[in-house]
Structure formats: C-alpha cells, structure tokens
Amino acid sequence: MIQITQMNGTYNEWKPEQYTDYMYDGKCFIIMRGEKWVGIYNMDAVRSITIDQ
C-alpha cells in the first residue's frame, strides 16, 4: 500500500491491486499500472509518502 499526504492535508491511499509499480523522477512521484501512469504527485506539494509492502 502507498499512502501519500499532501501539504494541503489531502490524503491518498493506493492499494496493491491498484498499481503495479512506482517511481520518482526527481520532481514527481508517479504511480503506475502496467505501462500507464495512473497517479502523478508533484513533490513540492507532498508532505509524506509511506510505502508498506
């Protein structure tokens, strides 16, 4: 599970069945499902990211 808390207090939770991979490109945290990017978070707006495996 991936939990993302943004600076404005918005909270997003990604369950393992909703994504296949994730990556960080230096500016954004990206949630992927197969080849598609299904979640893109600008790190300037992210307070914390927690990844449970």
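Residues numbered from 1 in each chain as written. Predicted model: local features only at pLDDT ≥ 70, side-chain atom pairs only at ≥ 80, totals over all residues. Heavy atoms only, no water.

A few points about a nonpolar patch on the surface
Consideration 1: Among the surface-exposed residues, M23, W37 and I40 lie close enough to one another that they form a single nonpolar patch of about 300 Å² accessible area.
Consideration 2: Mapped onto the secondary structure, I40 falls in strand β5 (residues 36-42).
Consideration 3: Under the relative-accessibility criterion, I40 is labelled exposed at 51%. (Patch = residues over 30% accessible without salt bridge, like charges linked within 9 Å, V, L, I, M, F, W, Y side chains within 5 Å. Areas by Shrake-Rupley, 256 points an atom, 1.4 Å probe, with all protein chains shown as cover. Salt bridge = Lys/Arg side-chain N within 4 Å of Asp/Glu carboxyl O. Helix = DSSP H or I, 4+ residues; strand = E, 2+ residues; numbered from the N terminus. Buried < 20%, exposed > 50% of the residue type's maximum accessible area, 1.4 Å probe, protein only.)

Regarding the nonpolar core
Consideration 1: Formed by I2, I4, W14, Y19, F29, I31, Y41 and V46, the largest nonpolar core amounts to eight residues.
Consideration 2: Elements that contribute at least two residues to this core include exactly β1 (2-6) and β4 (28-33).
Consideration 3: Sequence-distant contacts of I31, that is, excluding residues within four places in its chain, are made with I2, I4, W14, Y19, D21, Y22, K36, W37, V38, G39 and Y41. (Core = buried A, V, L, I, M, F, W, Y, C linked by side-chain atoms within 4.5 Å. Contact = heavy atoms within 4.5 Å.)

Regarding the sheet that holds strand β3 (residues 21-24)
Consideration 1: Spatially, β3-β4-β5 is the arrangement adopted by the three strands of the open sheet, whose pairing is antiparallel. At either margin of the open sheet sits one strand with a lone partner, and together these are β3 and β5. Averaged over neighbouring strand pairs, the angle between their axes works out to 20° when direction is ignored. (Pairing = 2+ DSSP bridges. Axes fitted to C-alpha atoms, helices over the stretch in contact; angles between N-to-C directions.)

Looking at the side chain of Q6
Consideration 1: Topologically, Q6 is positioned in strand β1.
Consideration 2: Among all residues touching Q6, those that are not within four sequence positions of it are N12, Y41, A45, V46 and R47.

A short note on the side chain of T5
Consideration 1: As for its placement among the helices and strands, T5 is situated in strand β1.
Consideration 2: Relative accessible area serves as the criterion here: at 19%, T5 is assigned to the buried category.

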